[in-house]
Amino acid sequence: EEHEEQYEAVKAEILGGDDDDSDEDEEDSGSSADEEADAARGGQAHTVEKSGDTMITDNTETELTNLRRTLYLVIQSSLDFEEAAHKILKLKMKPNQEYELCSMILDCCAQLRTYEKFFGLLAQRFC
C-alpha cells in the first residue's frame, strides 16, 4: 500500500493529473504512440506542440539519426576528401552536432580493414 501511494504521487506529478480511468489512459497512450511513430517516419525531430498547458517534446533522436545517415552518405559518395569536406560544410550543422561528425568519420574508418588516407585527411579538417 505504501508503494502504491508513492506510485500514485509520482504518477500525478509526471502526468499532471490524478486520473483513475486506466482504460482511457491506455487508449490515449496508444494514439500518442501512433502520432510519435508518424512523426519519426516524417523526419520531424524535436517537434514541440502546445495544447493547453501540455507541452510535448519529441525525444526519439530522429534528428541525430538523420544527421548520421546524411553524413554517412556524403562521406561514402565523395570521390576525395575535399569534395566530402565541401559537402559537409554545406550541411550547416549546429554547433552541438560537430561531435557527431567526428564520431561518424571514425565509424566509417573503423568499417574498413586497412587504413585509408581519405579518412585521416577528413578528420584533420574537422576534428
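Residues numbered from 1 in each chain as written. Predicted model: local features only at pLDDT ≥ 70, side-chain atom pairs only at ≥ 80, totals over all residues. Heavy atoms only, no water.

Examining helix H1 (residues 2-15)
Then step 1. With 14 residues, H1 should cover 20 Å at 1.5 Å per step; its first-to-last C-alpha distance of 20 Å lies within 8% of that length.
Then step 2. Buried residues are scarce in H1, accounting for zero of its 14 residues.
Then step 3. In the stretch just after H1, Gly16 is the one whose phi turns positive, near 80 degrees. (Helix = DSSP H or I, 4+ residues; strand = E, 2+ residues; numbered from the N terminus. Expected span 1.5 Å × (residues − 1). Buried < 20%, exposed > 50% of the residue type's maximum accessible area, 1.4 Å probe, protein only.)

Remarks on the packing of aromatic side chains
Each aromatic ring pair is characterised by the separation of its centres together with the angle its planes make.
Then step 1. The tally for this structure, following the rule as stated, stands at one aromatic pair.
Then step 2. Geometrically, the ring pair formed by Phe118 and Phe119 is edge-to-face, given 5.1 Å between the ring centres and 90 degrees between the ring planes.
Then step 3. Look at Phe119 and you get buried, because its relative accessible area is 4%. (Phe/Tyr/Trp six-rings, centres within 6.5 Å; stacked < 30°, edge-to-face > 60°.)

Here's the deal with the environment of Glu82
Then step 1. If you trace the backbone, Glu82 turns up in helix H4 (residues 81-90).
Then step 2. Sequence separation between Glu82 and Leu121 is 39 residues; the distance between their C-alpha atoms is 8.7 Å.

Quick word on the state of the cysteines
Linking two cysteines covalently via their sulfur atoms produces the bond known as a disulfide.
Then step 1. If you walk through the whole model with that rule in mind, you get one disulfide.
Then step 2. Disulfide pairing is shown between Cys102 and Cys127; the S-S distance is 2.5 Å. A torsion of -125 degrees about the S-S bond marks the disulfide between Cys102 and Cys127 as left-handed. Pair noted here: Cys102 is in helix H5 (residues 98-110) and Cys127 is in the segment after helix H6 (117-126), with a separation of 25 residues, a long-range link. (Disulfide = S-S within 2.5 Å.)

A look at the side chain of Gln97
Then step 1. With respect to the helices, strands and loops of the structure, Gln97 is situated in the loop between H4 and H5.
Then step 2. Judged by relative accessible area, Gln97 falls into the buried class, the value being 13%.

Quick notes on helix H3 (residues 62-77)
Then step 1. Here H3 contains 16 residues, and its C-alpha end-to-end distance of 22 Å stays within 8% of the 22 Å for a straight helix at 1.5 Å per residue.
Then step 2. The complete set of buried residues in H3 reads Thr62, Leu67, Leu71, Val74 and Ile75.

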